[in-house]
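# An overview of the molecular structure
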Amino acid sequence: MVMTEETAANPSFAEQAIEHNANAPGLDESVEPSDIKMRARDVSIYYGAKKAIDEVSVDVFTEHVTAFIGPSGCGKSTFLRALNRMNDTIPSARVEGTIELDGEDIYASGMDVVQLRARVGMVFQKPNPFPKSIYENIAYGPRIHGLAEGKGELDAIVEKSLRRAGLWDEVKDRLTDSGTALSGGQQQRLCIARAIAVDPEVILMDEPCSALDPIATAKIEELIDDLRGRYAIVIVTHSMQQAARVSQRTAFFHLGHLVEYGHTSDIFTNPREQRTQDYITGRYG
Amino acid sequence: MSPAIPLLLALGLGLAGWLVARARAWTFKRAAPHGRLAALPKYHAWYAALWIAVPLLLFFLVWDYASGQLIMAHVLASPEAAALPKFGLRRATIINEAWGIANGTTARALNEESVALAEPFRQAISRYQLIGIGIGLLIAGAGAAWAFLRLKPDFAARTKVERLVLAALLIASLVAILTTLGIFVTLVFETFRFFGMISPIDFLFGTQWNPDPMGNPNNPDPSRYGAIPLFWGTIFIGAIIAMIVAIPLGMMSAIYLTQYAKPGLRKWVKPALEVLAGVPTVVYGYFAALTVAPFIRDIALALGASNPSSESALAAGLVMGVMIIPFVSSMADDSIAAVPQAMRDGSLAMGATANETIRRVLVPAALPGIVGGVMLAVSRAIGETMIVVMAASTAASLSANPLDSMTTVTVQIVALLTGEGSFDHPATLAAFALGFVLFLVTLALNFVALRVVKRFREAYE
């Protein structure tokens, strides 16, 4: 299936995706329309007068990892940050089009951004633990959202989140140590645990492994695979291998356009577009 | 000797040396095989000029002092000096007057003796002036000879000039350090003289401050030199009341400016806030004394206080707090702005509001820097004098009531040194002991604050 800006406005895109999915043996179970977690339609993003994203339409599926790939400056991170309105912190940024979470427009005027970000969590390129203890890093989100009543519940959330992030065994004896004292890979898993702690529905990851060594990267990829069963995950990555390893869907961005979007296996083995072919074979990017 | 003479001499000879050396370097250059020298002619010129002018000026600095001594010795040896009174104020007055008449700064003599003495002074001055100029010329000649002997086509004048510039910069930076050292030594010396009369224990732990500059200097009453009320007043006004004003306001303005203000607004508000730091403290002082203090007294009256003082610790502390705001806010501003954007994004992405992010992530992360700023502000506040002099009286009292009049260490230093006591009286020397304590405390505060700020900087770089 070809997903370019010309066909992006096509309302039957989701059906096409399902149809395509059904026709592709060996892929994940067929996706019902209700499994679409986030739906972006004709999204354009501007920084001042500069158009960074041009009419992109993408679906994010529950229990799927969706990878955004493309050369630097193609707008994939910008688009990712639009999914939980982190672009709001940039005064000149402006979003057009619609992005829905469970059918609800997240850019509608009544939308509570704070609640949105609790439901759509984010992990950044560089691990950014707060300069607090490991425990407090995880407890931060549940505290501000009032998710735990009493110390016991909070302890349970901290343990559960660290376990899911595969960090519990490494840090359970030093929860009071500073989060910044961990290694880079541990810090990034701490940030993932922190995002999990508020029980989000979608987790956005902006090149989560680009600052890590290969072993830490492998651990994070394994973790992403584990987390897929619970959350819709969107990952921006520079590494084609990583996209191929962890994702079920891949969107290829180029110069602010969505060139192609579809099953990861199709994108990598049988791309529809010449530009995708060129990029994944390393002709440019 | 008027300072114009050595200056003109140095300038004129230096310029001559400069021109001659440059001309000489040009002749080298023309004669050189490829028309190239190890240094440009102007460096040869500067090398010669500096070797002429600098020793000359240094000599005249020394000579200015030495010639005064020589002139005095010469005059006192003259027959006219025999008529002088042997000791005392009158003798000194006559000598000063005669000297003034001799060099033309005093037009009319009040004492007849000085007119007679003026003539030997006149002779001595002109004699030593001539000697000074003669030696100066010799030194300049020696410098010139030294420089010109070394001017050769392959002479590295450029690096030599560089080294001289380096030496000049080093001397400039030493001036500040040596001055500090000098101040410290003076303080220590006078403080020990004071502690020879009053025991440090009485001074540091006594609770009565009431020095008597007219009392018998040889038998001072130690119970009048207890500095606790001064330390308390200083801390109460500078570190408590002023900080209650400055910390919240400074923090809030820093948070507003870094987190909420639009860049256009910030561009105007931040410099406007920093102007506060440039207002002379005397101006704050009369604002405190004429506006704030009466206002506070009126409020106290309205609230039923009986006979409130028109000079209150509260008035001084409030105004001082306002004065300190820019110190707190600019340090807090810098530290909050230095917390990486990633921290802020991380918190916002968790669904925290801007306010929660500031309170629970940014301020804790910036805390060391903020604490450092506050400590610098405290050390500034406890050293502040004018506001307290004008708004908080000079009577020492050990009270926790902010409406009472109170005094601080700095105010007492001013009062003691400008009082009528002589300089070896314990009441005057007490000022040095107070200054010494203040110096140590602010030094310690600055030291700790700078360490804290430095640690904080390292944490994020």
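Being a predicted model, the structure only gives us computed values, none of them experimental.

What counts as what
Residues numbered from 1 in each chain as written. Chains lettered and ligands numbered in written order. Predicted model: local features only at pLDDT ≥ 70, side-chain atom pairs only at ≥ 80, totals over all residues. Heavy atoms only, no water. Helix = DSSP H or I, 4+ residues; strand = E, 2+ residues; numbered from the N terminus. Buried < 20%, exposed > 50% of the residue type's maximum accessible area, 1.4 Å probe, protein only. Contact = heavy atoms within 4.5 Å. Areas by Shrake-Rupley, 256 points an atom, 1.4 Å probe, with all protein chains shown as cover. Core = buried A, V, L, I, M, F, W, Y, C linked by side-chain atoms within 4.5 Å. Phe/Tyr/Trp six-rings, centres within 6.5 Å; stacked < 30°, edge-to-face > 60°. UniProt positions renumbered as here; feature names shortened; annotations may be inferred. Buried area = accessible area lost by both parts, 1.4 Å probe. Salt bridge = Lys/Arg side-chain N within 4 Å of Asp/Glu carboxyl O. Polar contact = N/O pair within 3.5 Å; in protein donor to acceptor, adjacent residues only side chain to side chain. Pairing = 2+ DSSP bridges. Right-handed = clockwise from strand over helix to strand, strands pointing away. Patch = residues over 30% accessible without salt bridge, like charges linked within 9 Å, V, L, I, M, F, W, Y side chains within 5 Å. pLDDT = per-residue confidence, 0-100. Axes fitted to C-alpha atoms, helices over the stretch in contact; angles between N-to-C directions.

In terms of regular secondary structure, chain A is built from 12 helices and 10 strands. Here chain A, with 285 residues, has 54% of them falling under the buried criterion. Here the contacts in chain A between residues at least 6 apart in sequence split such that 67% fall between residues at least 24 apart. Accessible surface computed for chain A: about 11,600 Å², of which carbon and sulfur atoms make up 47%.

On to the nonpolar core, then. Generally speaking, nonpolar side chains in soluble globular proteins are found buried as a group. With 79 residues, the main nonpolar core has F203, W209 and L434 of chain B as its most contacted residues. The element that contributes the greatest number of residues to this core is helix 12 (residues 354–383) of chain B, accounting for 13 residues. Other than its neighbours up to four places away in sequence, F203 of chain B contacts F194, F195, W209, Y225, G226, A227, I228, F231, A433, L434 and V437 of chain B. Core analysis: the second largest hydrophobic core is formed by 43 residues, L167, W168, I220 and F252 of chain A among them.

Quick look at the packing of aromatic side chains now. Applying the stated criterion across every chain, the model contains 20 aromatic pairs over all chains. Between F79 of chain A and F253 of chain A, the aromatic rings sit 5.6 Å apart at their centres with planes inclined by 45°, giving tilted as the arrangement. Note that F79 of chain A is positioned in helix 3 (residues 76–82) and F253 of chain A in strand 9 (residues 249–254), a separation of 174 residues in sequence. Take F79 of chain A and F253 of chain A: they sit in the same class, and that class is buried. Residues F194 of chain B and Y225 of chain B carry aromatic rings whose centres are separated by 5.9 Å and whose planes lie at 65° to one another, so their mutual orientation is edge-to-face. One end of the pair, F194 of chain B, is in helix 5 (residues 157–197); the other, Y225 of chain B, is in the loop between helix 6 (200–205) and helix 7 (228–260), and 31 residues separate them in sequence.

Attention now moves to the UniProt feature "transmembrane region" (unreviewed entry) in chain B. Residue and element names in this part refer to chain B. The positions that UniProt labels "transmembrane region" (unreviewed entry) are, in the present scheme, residues 44–63, 130–149, 164–185, 230–251, 272–296, 316–340, 361–382 and 429–453. Secondary structure across residues 316–340 comprises 92% helix and 0% strand; the distance between its end C-alpha atoms is 38 Å. The annotated region residues 429–453 carries 100% helix and 0% strand content, and the separation between its end C-alpha atoms amounts to 36 Å.

Now for the interface of chain A and chain B. Opposite the 24 residues of chain A that make contact, chain B presents 17 residues. Across the interface of chain A and chain B, roughly 1,600 Å² is buried in total on both sides, 65% from carbon and sulfur atoms. Where chain A packs against chain B, one counts one salt bridge. In this structure, D345 of chain B and R81 of chain A form a salt bridge, with 4.0 Å as the shortest nitrogen-oxygen distance. The interface formed by chain A and chain B includes four residue pairs in polar contact (both at pLDDT 80 or more). Among the secondary structure elements, those contributing two or more residues to the side of chain A that touches chain B are helix 4 (113–119), strand 6 (120–123), helix 5 (134–145) and helix 8 (184–197) of chain A.

Attention now moves to the pairing of strand 10 (residues 257–263) of chain A. Residue and element names in this part refer to chain A. Counted residue by residue, strand 10 has six buried out of seven residues, so it is predominantly covered. Both strand 9 and strand 10 contribute to a ladder of six bridges, which runs antiparallel. Across the sheet, the residue bridging to H254 is H257, located in strand 10. Linkage of strand 9 to strand 10, two consecutive antiparallel strands, is achieved through a turn of two residues, within which L255 is found at a positive phi near 50°.

A few words now on the pairing of strand 8 (residues 232–236) of chain A. Residues and elements named next belong to chain A. Strand 8 sits mainly inside the fold: five of its five residues count as buried. Every second residue of strand 8 is oriented toward a common face, with A232, V234 and V236 on one face and I233 and I235 on the other, all of them buried. Sheet analysis places strand 3 (residues 65–69) next to strand 8, joined by four bridges and oriented parallel. Bridged to A67 within strand 8 is I235. Bridge count for strand 7 (residues 202–206) against strand 8 is five bridges, and the pairing is parallel. Paired with I203 across the two strands is I233, which belongs to strand 8. Once the chain exits strand 7 it traverses helix 9 (residues 214–227) before rejoining the sheet at strand 8, and the crossover so formed is right-handed.

Attention now goes to a nonpolar patch on the surface. Residues and elements named next belong to chain B. A cluster of nonpolar side chains, namely L170, L174, I177, L178, L181, F184, V185, L440 and L443, defines an oily patch on the protein surface of about 810 Å² accessible area. Mapped by element, the contributors of at least two residues to the nonpolar patch are helix 5 and helix 15 (426–459). Looking at which element gives the most residues to the nonpolar patch, the answer is helix 5, with seven residues. Mapped onto the elements of the fold, L181 is located in helix 5.

Turning our attention to the confidence of the model for chain A. A low pLDDT means the predicted coordinates there should not be read in detail. Per-residue pLDDT for chain A has a mean of 85; in total, 87% of the residues score no lower than 70. Confidence drops under pLDDT 50 across residues 1–29 of chain A; counting only partners more than four residues distant or on other chains, this segment forms 58 contacts.

Another aspect to go through is the sheet that holds strand 8 of chain A. Note on sheets: strands pair through backbone hydrogen bonds, and any given pair is parallel or antiparallel. Residue and element names in this part refer to chain A. Spatial strand order, 6-7-8-3-9-10: six strands in an open sheet with mixed pairing. Each edge of the open sheet is held by one strand with a lone partner, namely strand 6 and strand 10. Taken pair by pair, the neighbouring strands of this sheet meet at an average axis angle of 15°, ignoring direction.

Scored by pLDDT, chain B has a mean of 85; 97% of the residues are at 70 or more. Interface scoring of the predicted complex returns ipTM 0.82; its pTM is 0.69.

Residues and elements named next belong to chain A. Overall, the coordinates contain 25 salt bridges over all chains when judged by the stated rule. Notably, a salt bridge pairs K151 with D155, separated by 3.1 Å at the nearest N-O pair. Taken together, the positions of K151 and D155, both in helix 6 (residues 150–164) and four residues apart, correspond to about one turn of that helix. Owing to a relative accessible area of 56%, K151 belongs among the exposed residues under this scheme. Look at D155 and you get partly exposed, because its relative accessible area is 30%. Overlapping salt bridges, with partners in common, bring together K37, D102, E104, R119 and E201 in one network.

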